[in-house]
Each structure stands twice: as structure tokens, then as C-alpha cells.
Amino acid sequence: MIGSRVTEEISNSDDRPAAKSFRIGTAAIPARPLEPALYLVATPIGNLGDITIRALETLASADVLACEDTRVTRILLERYGIRTRPLSYHEHNAQEAGPKLIAALEAGKSVALVSDAGTPLVSDPGYRLGQLALEAGHRVVPVPGASAPLAALVGAGLPSDAFLFAGFLPVKDRGKRDRFAELAKIPATLIFFESPRRIGTSLKVASEVLGRDRRAVVCRELTKTFEEFRRGTLGELADHYDGDRVVKGEIVLLIEPPSYDEIPDIEDVERLLKDLVTTMPAAKAAAEAAKLTGLPRKELYQRLLDMKDTNGR
């Protein structure tokens, strides 16, 4: 049913003059034709005014417009007078809808992909479509714009010269602990998506694993009316969000990098590995070194293998 509906919608997406324009205020602006390609179009994360002119033109001119939720995308399209009819592409129908969209590219059509908010392929199934398009020899064109991780980073006041976007945190306590331990020594600001229902638990675990004094920022409702940046140490934020406090809105959590004296020197790490591997198997040595240094076990195990190859043993 889903596959046939997608096929029908794509086949009916012939050029319609009325659909090839967009509106800003009272001005109707013609949209130039697009070359056949897959266009990954960033859309606002809250404030509809954050759309770019290029994005509007792409959405208006695309032969096929795929999105996560047609109800969400229609709000944006109606705001700017775009008549392109959106069709669904999400994790539950990607296996069926993806090949249909690739077939549209094969037929010489332009295909635009948007997520519900922000930049496609960032924590959504859009990367599958991008892979399919590239494997089939089609162009993939990014149309940049709003991005929640970057908006949070520039407003947080934490170091921005190096950062790691780590996506959604695991739901369960053990998973959170393992994830924080794995990233503890990364010399970059860490960026996570988190549910408002779980932010209190995540901050508590982070303070226990990374230390209560490490600075962090909880960014809530970015670009929206009640936008908030709550800054403090992990301990202070864990205390603030503890208990029955009700939190609403979408959340991005940022945690500052470890201080330089917390990051093990590579020569010290290798020396530790050499000592440990003399009394235990490599896998166990890597696990023990991970506990002592906070570095990822897999990374340490690979370093042991590299050291073995280098030494010819």
C-alpha cells in the first residue's frame, strides 16, 4: 500500500506552473528549474523565519518532495506559498519508498528531502536515501541551513574549536554510563540530543561519570519563544533537574571538554599497555587500561594490535 501510494504520488508530480514559485510576504517569487539530483534541504528547527532563500526555491521547484511527516512539512510550505505536494519518507517506509525516489532520479526528476526540523541525515534515516543515490551514480546536493547541534554550540559559551555530536543518549542507565565513559577523554565539546523526560537522569549519570565540576549547558526550545540556555556544572544542573521537575520542549545537552591534565599522554598510555600485556591477554589489558584512563576499550585494544605490528611480534 505504502509503496504503491508513493509510486502514484511521484508519477503525478509533473511540472505544474503554479507550484514553481514561493512567497515572501506579499511578493511571489518564481523558482528556477532544478537539475536532476537529490537535494538535502535544511528546514527551521522552530522559528519558521530561519529558512533560507535557496531552500525555499529548492522546495518550490523540486519535482518530488520527500519528508518525515507531511503534516509538519505542510505548515512550512503553506507559510511560504509553496504548492509542491510532499510525500512520506521515514524509518518505517524507507525500504519501500527509497527505491521509488531513486527511480524518480533515474527518470530525470529532481528530488528534495527534508526532515521535520533541521538538517537531513542528522539523527534521521535520510542517510539511507543518500547512500542509495550515490551508489546509483546520482548527485547529492546539500542545501545548508538550520541545525540544532550548531545552534546550541554557538549559544552555549563552551569551547567550539573542536566538538563531537554524539546523537541521542541511550535510554537505560547502564547504556548512559558506558557512553559517557567512552567519550570522557575526548578533547572536544560533547553534544547530545536528549528527551525532556530523561534529562534529569542523564545529568545525574554524567556528573557521576565525568565529575560534578565539569561545565555543561542544557539548551531547550532553540529558536522558539521560550528558548533557554541553562548553564552550570554537571553537579549543579543535575541538582536543578532532579526529582519531579517537569521539563518541556526539545533539548540539546552540551558538556565541555576535559581539562588538559585529565587527558592521558599517548606515551603514558602505551607504557601502561605494555606493562599490562605482560601479565594478561590483550583484550583484558585493554579493558583494564580503559578503567584506569577513561579511554575507549576498543581504541586501546586497537592500539595494542598496532604496537604489536610495529614491534614485529
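Located above this text is the structure these notes cover.
Note that this is a predicted model, so its numbers are computed, not measured.

**Thoughts on the overall build of the protein chain**
Step number 1: Each helix and strand counted, the protein chain has 12 helices and 12 strands in total.
Step number 2: Each principal axis of the C-alpha atoms in the protein chain carries an extent, and together these give about 75 × 50 × 35 Å.
Step number 3: When burial is assessed residue by residue, the protein chain has 44% of its 313 residues classed as buried.
Step number 4: For the protein chain, the proportion of contacts with a sequence separation of at least 24, taken over those separated by at least 6, is 72%.
Step number 5: Of the accessible surface of the protein chain, which amounts to about 16700 Å², a share of 51% is contributed by carbon and sulfur atoms.
Step number 6: Separation between the mean location of the 42 positive side-chain charges and that of the 44 negative ones in the protein chain comes to 3 Å.

**Some points on the sheet that holds strand β11 (residues 228-233)**
Step number 1: As summarised here, the arrangement of the 5 strands in space is β8-β9-β12-β10-β11, forming an open sheet in which the pairing is mixed. Edge positions in the sheet fall to β8 (163-168) and β11, since each has one partner strand and no second. Within the sheet, the average angular offset between the axes of one strand and its neighbour, ignoring direction, is 20°.
Step number 2: One ladder, built from 6 bridges, connects strand β10 (residues 215-220) with β11; its direction is antiparallel. Pairing of R215 across the sheet is with T233, part of β11.
Step number 3: The strands touched by helix α6 (residues 148-156) are β8, β9 (189-194), β10, β11 and β12 (251-255); relative to β11, the strand with the most contacts, the crossing angle is about 60°.
Step number 4: Seen against the sheet, helix α7 (residues 173-183) touches β8, β9 and β12 and runs at an angle of roughly 160° to β9.

**Notes on the layout of surface pockets**
Step number 1: By volume, the largest pocket is sized at about 740 Å³.
Step number 2: Lining the largest pocket we find 29 residues, and of these D116, A117, F168, F193 and E250 sit closest to its centre.
Step number 3: Of all the secondary-structure elements, those providing two or more residues to the lining of the largest pocket are α6, β9 and β12.
Step number 4: When the residues that make up the lining of the largest pocket are grouped by side-chain class, the tally is 12 nonpolar, 8 polar and 9 charged.
Step number 5: Approximately 230 Å³ is the volume attributed to the second largest pocket.

**Thoughts on the pairing of strand β3 (residues 38-41)**
Step number 1: Side chains L38 and L40 of β3 all project onto a buried face; the interleaved residues Y39 and V41 project onto the opposite face, where all are buried too.
Step number 2: Sheet analysis places β3 next to strand β6 (residues 111-114), joined by 3 bridges and oriented parallel. Its bridge partner lying in β6, L40 is registered against L113.
Step number 3: As defined by bridge partners, β3 adjoins strand β7 (residues 140-143) across 4 bridges and the pair is classed as parallel. Each residue of the ladder has a partner; that of V41, found in β7, is V143.

**Things to note about empty space enclosed by the protein**
Step number 1: If you walk through the whole model with that rule in mind, you get 2 cavities of 30 Å³ or more.
Step number 2: Taken as a whole, the second largest cavity encloses approximately 40 Å³ of empty space.
Step number 3: Taken together, the residues that form the lining of the second largest cavity break down as 5 nonpolar, 2 polar and 2 charged.

**Observations regarding α6**
Step number 1: Every buried residue belonging to α6 is among A148, P149, A152, L153 and A156, and all of these are buried. Seen end-on, α6 carries its buried residues on one side only, within an arc spanning 135°.
Step number 2: Contacts made by the buried residues of α6 are with β8, β9, β10, β11 and β12.
Step number 3: Phi turns positive one or two residues past the end of α6, at G157, with a value near 85°.

**Looking at the nonpolar core**
Step number 1: The biggest cluster of nonpolar side chains holds 22 residues, and the ones touching the most others in it are F180, F192, I199, L203, V218, L253 and I255.
Step number 2: Contributions of two or more residues to this core are made by α7, β9, α8 (199-210), β10, α9 (234-240) and β12.
Step number 3: Contacts of I255, omitting those with residues within four sequence positions, involve L158, F180, A188, T189, L190, F192, A206, L210, R214, R215, A216 and L234.
Step number 4: Listed in part, the 21 residues of the second largest apolar core include Y39, L65, L77 and A112.

**Section: unusual backbone geometry**
Step number 1: Of note, L121 is a non-glycine position whose phi angle comes to about 80°, a positive value.
Step number 2: Summarising the element assignment, L121 is placed in the loop between β6 and α5 (126-135).
Step number 3: On the accessibility criterion, L121 (33% relative accessible area) is partly exposed.

**Looking at the sheet that holds β3**
Step number 1: With parallel pairing, the 5 strands of this open sheet are ordered in space as β5-β4-β6-β3-β7. Each edge of the open sheet is held by one strand with a lone partner, namely β5 (86-88) and β7. The sheet shows a mean angle of 30° between the axes of neighbouring strands, taken without regard to direction.
Step number 2: Taken together, the 4 bridges between strand β4 (residues 64-67) and β6 define a ladder with parallel strand orientation. Note on β6: the bridge partner recorded for C67 is V114.

About the cut-offs
Residues numbered from 1 in each chain as written. Predicted model: local features only at pLDDT ≥ 70, side-chain atom pairs only at ≥ 80, totals over all residues. Heavy atoms only, no water. Helix = DSSP H or I, 4+ residues; strand = E, 2+ residues; numbered from the N terminus. Buried < 20%, exposed > 50% of the residue type's maximum accessible area, 1.4 Å probe, protein only. Contact = heavy atoms within 4.5 Å. Areas by Shrake-Rupley, 256 points an atom, 1.4 Å probe, with all protein chains shown as cover. Lys, Arg positive; Asp, Glu negative; His and termini not counted. Charge placed at Lys NZ, Arg CZ, Asp CG, Glu CD. Pairing = 2+ DSSP bridges. Axes fitted to C-alpha atoms, helices over the stretch in contact; angles between N-to-C directions. 1 Å grid on protein atoms, 1.4 Å probe; cavity = no way out; pocket = protein on both sides within 12 Å on 5 of 7 lines; lining within 4 Å. Points joined across faces, edges and corners; volume = space filled by probe spheres on them. Nonpolar A, V, L, I, M, F, W, Y, C, P; charged D, E, K, R; others polar. Arc of directions from axis to C-beta. Core = buried A, V, L, I, M, F, W, Y, C linked by side-chain atoms within 4.5 Å.

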